[in-house]
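Okay, here's what each chain looks like letter by letter:
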Amino acid sequence: SIRATVAEARLESANQILDLQKEQYRRLSASIAQTRQARHDLRHHMSAVSAFLAADDSAGLREYLAQWGQALPAGETQLYTGNYAADIIVGHYLSLARENGIRVDFSLRIPEDCSIRDTDLCVLMGNCLENAIEACMKLPPEQRSLRAESAAKNEDLAVTLANSSGAQAAMRNGAYLSDKRRRESAGVGLESVNAVVRAYHGEMKLDGQNGVFTVYIMLRMLEKEEEQTK
């Protein structure tokens, strides 16, 4: 049952990674085109700067430089965790969070040579971040917040995700019930996350108190040979 759930989640996450890679490529191509255009126009700007200096027009030069600065393409850091696959997922959801006025605080470190499958990282981070953003969107903008942390130590990867939540989370038999299912059963996303956690001999703890919902995850980063047998 666990293997079937993990396999299904891996297939879905692989498709999601592919879609996000296409979007990332589109944005990168647009950024490259903007940068190429900016470099092409650089000599014209330098001529204009030289003209302002020759005329001793410092006020005009300051205004021109300010306008030039605003026209330059904005740079965006693409490194979020240090792991390429995780960066694709995390970058997408953190951008989505900021676009929706969610205050984001993150300190994520996932080794590039981590033996956890890319698709499993996608299941883990994607589902948790998606759930967190959906919960925040039910709150007024001033109450929306998201904290994401991860760190690797020895053979373990620890991940903590906490988001503001308007109501006390409902539980049954130790599992939190999904609002999408009218609190009649646990959410599919967290079920997939839990299946991945168990596949890596890890643990997951959920806590929903005082207006904050927190997911604590601990995974064992298996050796390559051991991971490939799963």
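As a starting point, this report considers the structure included with it. What you see is a predicted model, and the numbers here were worked out from it, not measured in a lab.

## Describing the packing of aromatic side chains
Piece 1. One pass over the full model with this rule turns up 2 aromatic pairs.
Piece 2. Centroid distance Phe-52 to Tyr-64: 5.6 Å. Interplanar angle 45 degrees. Geometry classified as tilted. Of this pair, Phe-52 sits in helix H1 (residues 2-54) while Tyr-64 is found in helix H2 (residues 58-71), placing the two residues 12 residues apart along the sequence.
Piece 3. Plain terms: the ring middles of Tyr-80 and Phe-106 are 5.9 Å apart, the flat faces sit at 45 degrees to each other, and that makes the pair tilted. Of this pair, Tyr-80 sits in the loop between H2 and helix H3 (84-99) while Phe-106 sits in strand S1 (residues 103-108), and the two are 26 residues apart along the sequence.
Piece 4. Overall, Tyr-80 belongs to the buried group, its relative accessible area being 7%.
Piece 5. Phe-106 gets classed as partly exposed once you look at its relative accessible area, which sits at 27%.

## A look at the packing of H3 against helix H4 (residues 118-136)
Piece 1. Closest axis-to-axis distance for the H3/H4 pair is 8 Å, and the angle between their directions is 10 degrees. Here H3 is positioned roughly parallel relative to H4, judged by the angle of their axes. Between H3, through Ala-85, Ala-86, Ile-89, Val-90, Tyr-93, Leu-96 and Ala-97, and H4, the contact on the second element is made entirely by Asp-118, Leu-121, Cys-122, Met-125, Gly-126, Leu-129, Glu-130 and Ile-133.
Piece 2. The residue makeup of the contact of H3 with H4, split by class, is 12 nonpolar, 1 polar and 2 charged.

## Thoughts on the pairing of S1
On a regular strand, one side chain projects to one face of the sheet and the next to the other, so that they alternate.
Piece 1. Pairing between S1 and strand S2 (residues 145-153): 6 bridges, direction parallel. Its bridge partner lying in S2, Leu-108 is registered against Ser-150.
Piece 2. You can see the chain leave S1, run along H4 and come back into S2, and the turn it takes is left-handed.

## A closer look at the pattern of salt bridges
Piece 1. According to the stated counting rule, one finds 2 salt bridges in the structure shown.
Piece 2. Ionic pairing is found between Glu-149 and Arg-147, a salt bridge with its closest N-O pair at 3.4 Å.
Piece 3. Looking at Glu-149, the relative accessible area reads 34%, which means it is partly exposed.
Piece 4. With a closest N to O distance of 3.6 Å, Arg-220 and Glu-155 form a salt bridge. Taken together, the residues Arg-220 in strand S7 (residues 212-220) and Glu-155 in the loop between S2 and strand S3 (156-164) connect sequence positions 65 residues apart.
Piece 5. Classification of Arg-220 as partly exposed rests on a relative accessible area of 30%.

## Quick word on H4
Piece 1. Look at H4: 27 Å from first C-alpha to last across 19 residues, which is about the 27 Å you get at 1.5 Å a residue.
Piece 2. Buried residues dominate H4, accounting for 14 of its 19 residues.

## Some remarks on the sheet that holds S7
Piece 1. Within the open sheet, the 5 strands sit side by side as S1-S2-S3-S7-S6. Their pairing is mixed. What marks the edges here is a single partner per strand, and that holds for S1 and strand S6 (203-209). Going across the sheet, the axis of each strand differs from the next one's by a mean of 5 degrees, ignoring polarity.
Piece 2. Its contacts with the sheet put H3 on S1 and S2, and the angle it makes with S1 is roughly 160 degrees.
Piece 3. Against the sheet, H4 contacts S1, S2, S3 and S7, and its axis sits at roughly 15 degrees relative to S3.

So, how was this worked out
Residues numbered from 1 in each chain as written. Predicted model: local features only at pLDDT ≥ 70, side-chain atom pairs only at ≥ 80, totals over all residues. Heavy atoms only, no water. Phe/Tyr/Trp six-rings, centres within 6.5 Å; stacked < 30°, edge-to-face > 60°. Helix = DSSP H or I, 4+ residues; strand = E, 2+ residues; numbered from the N terminus. Buried < 20%, exposed > 50% of the residue type's maximum accessible area, 1.4 Å probe, protein only. Axes fitted to C-alpha atoms, helices over the stretch in contact; angles between N-to-C directions. Parallel < 35°, antiparallel > 145°, perpendicular 65-115°, else oblique. Contact = heavy atoms within 4.5 Å. Nonpolar A, V, L, I, M, F, W, Y, C, P; charged D, E, K, R; others polar. Pairing = 2+ DSSP bridges. Right-handed = clockwise from strand over helix to strand, strands pointing away. Salt bridge = Lys/Arg side-chain N within 4 Å of Asp/Glu carboxyl O. Expected span 1.5 Å × (residues − 1).

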